[in-house]
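# Remarks on the overall topology
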Amino acid sequence: MTEAILLVGGKGTRLRPLTVHTPKPMVRAAGVPFLTHQLARARAAGVEHIVLATSYLAEVFEPYFGDGSSLGLHLEYVTEEEPLGTGGAIRNVAARLHSGPDDPVLVFNGDILTGLDIRALVRTHEETGADVSLHLTRVTDPRAYGLVPTDDTGRVLAFLEKPQTPEEIVTDQINAGAYVFRRSVIDTIPAGRPVSVERETFPDLLAAGAHLQGMVDSTYWLDLGTPAAFVRGSADLVLGRAPSPAVPGRCGDRLILPTATVAPDAKLAGGTVVGEGAFVAEGARVFGSTILPGAVIEPGAVITDSLIGTRARVGERAVLTGTVIGDGAVVGADNELREGARVWCDARIPAGAVRFSSDQ
């Protein structure tokens, strides 16, 4: 169908400590690096050639995915020496594209989990003769996003960044982070400097009279920028709420990867994932959470809506809700950690050191 650019250079600062050792697109969701789901969905839509625009921890992508042949893709990698922003990253990989000047090029952000009908977006682009087409989705509270009002034909009228007052909220349509560019438009983006496609490229194109088309697709959409969203996205993949051909197993209440060990009386539910080599002991209860490879959950621990890092350990009777435990960290027995808590990589919390209730 066409080729694509995948923007995977971000540092994922909002996800730390998950991204201390791992770039955001390589953090595991439903048992595989999140990027795997995006690549598989693009391939299912007919894409064959994808250029990955990398920057932060760029060296980890190619050893894992190689040339992409295992996914039926041809992958190439371009690393930014200095962060170039979304528009700069697109321009920086342009030389690797094979498309002609009027051909469509898909562009995806590497942190969006979506059920977007990719073929429909390309079809809309071609049928309307647009210079750039954007996937739009509707949200109940658009203040954290860029608004994209359109006319009754779907043509984009403006780009409004993060409105705050009721008067500024003129639509519930937001930029959902997937685009189709006419190949020649990519070459108009300034080279060699940081460029924001949202704040510079799109508004400048609109001001110059270019045709920007919006396609509203209100299927599943989630920005995985925060730990809570990432955990939810992984669970939704396991539960089948978010579509992906890359989930390594049947959708259901839980996903236990090969070589993981789960005690017979441990309870797993809500889209929980237990990674390779991880261990969940007797009496543990894990709901809607991700247990990364090599982690250990000791007897009687209760974990809800949380992510436990690689080789981390959660002690007996510990209660974790809405928390992130970094790689190699140890949470001692009888601790209680609540929403928003982040335990850094290799940290040690002694037994009973953090509580929100009596120790009796």
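What comes next is a walk through the structure. Small disclaimer: the values here were computed from a predicted structure and weren't measured.

## So, the layout of surface pockets
Looking at the largest pocket, its volume works out to about 1,100 Å³. Lining the largest pocket are 42 residues, with R14, T86, N109, D111 and E198 sitting closest to its centre. Looking at the lining of the largest pocket, the elements that each hand over two or more residues are α3 (85-92), β9 (146-147), β11 (173-182), α6 (197-207) and β13 (221-223). No other element matches the four residues that β11 contributes to the lining of the largest pocket. Residues belonging to the lining of the largest pocket are distributed by class as follows: 18 nonpolar, 14 polar and 10 charged.

## Focus: the packing of aromatic side chains
The geometry of two aromatic rings is summed up by the distance between their centres and the angle between their planes. Taken as a whole and judged by the stated rule, the model has seven aromatic pairs. Plain terms: the ring middles of Y145 and W221 are 5.8 Å apart, the flat faces sit at 70° to each other, and that makes the pair edge-to-face. Residue Y145 is found in the loop between β8 (132-138) and β9, and its partner W221 is found in strand β13; the two are separated by 76 residues along the sequence. With a centroid separation of 5.4 Å and 25° between ring planes, the pair formed by F159 and F202 is classed as stacked. Highlighted residues: F159 in the loop between β9 and β10 (160-161) and F202 in helix α6, separated in sequence by 43 residues. Here the two residues F159 and F202 agree in accessibility, since each one is buried. Here a set of aromatic residues connected by ring pairs shows up, and it is made of F159, Y179, F181 and F202.

## Notes on the pairing of β11
Counted residue by residue, β11 has 10 buried out of 10 residues, so it is predominantly covered. As defined by bridge partners, strand β6 (residues 104-109) adjoins β11 across five bridges and the pair is classed as antiparallel. Bridge pairing links L106 to V180 in β11. The pairing of β8 with β11 spans six bridges and is antiparallel. Considered in β11, the bridge of L134 is made with Y179.

About the cut-offs
- Residues numbered from 1 in each chain as written.
- Predicted model: local features only at pLDDT ≥ 70, side-chain atom pairs only at ≥ 80, totals over all residues.
- Heavy atoms only, no water.
- 1 Å grid on protein atoms, 1.4 Å probe; cavity = no way out; pocket = protein on both sides within 12 Å on 5 of 7 lines; lining within 4 Å.
- Points joined across faces, edges and corners; volume = space filled by probe spheres on them.
- Helix = DSSP H or I, 4+ residues; strand = E, 2+ residues; numbered from the N terminus.
- Nonpolar A, V, L, I, M, F, W, Y, C, P; charged D, E, K, R; others polar.
- Phe/Tyr/Trp six-rings, centres within 6.5 Å; stacked < 30°, edge-to-face > 60°.
- Buried < 20%, exposed > 50% of the residue type's maximum accessible area, 1.4 Å probe, protein only.
- Pairing = 2+ DSSP bridges.

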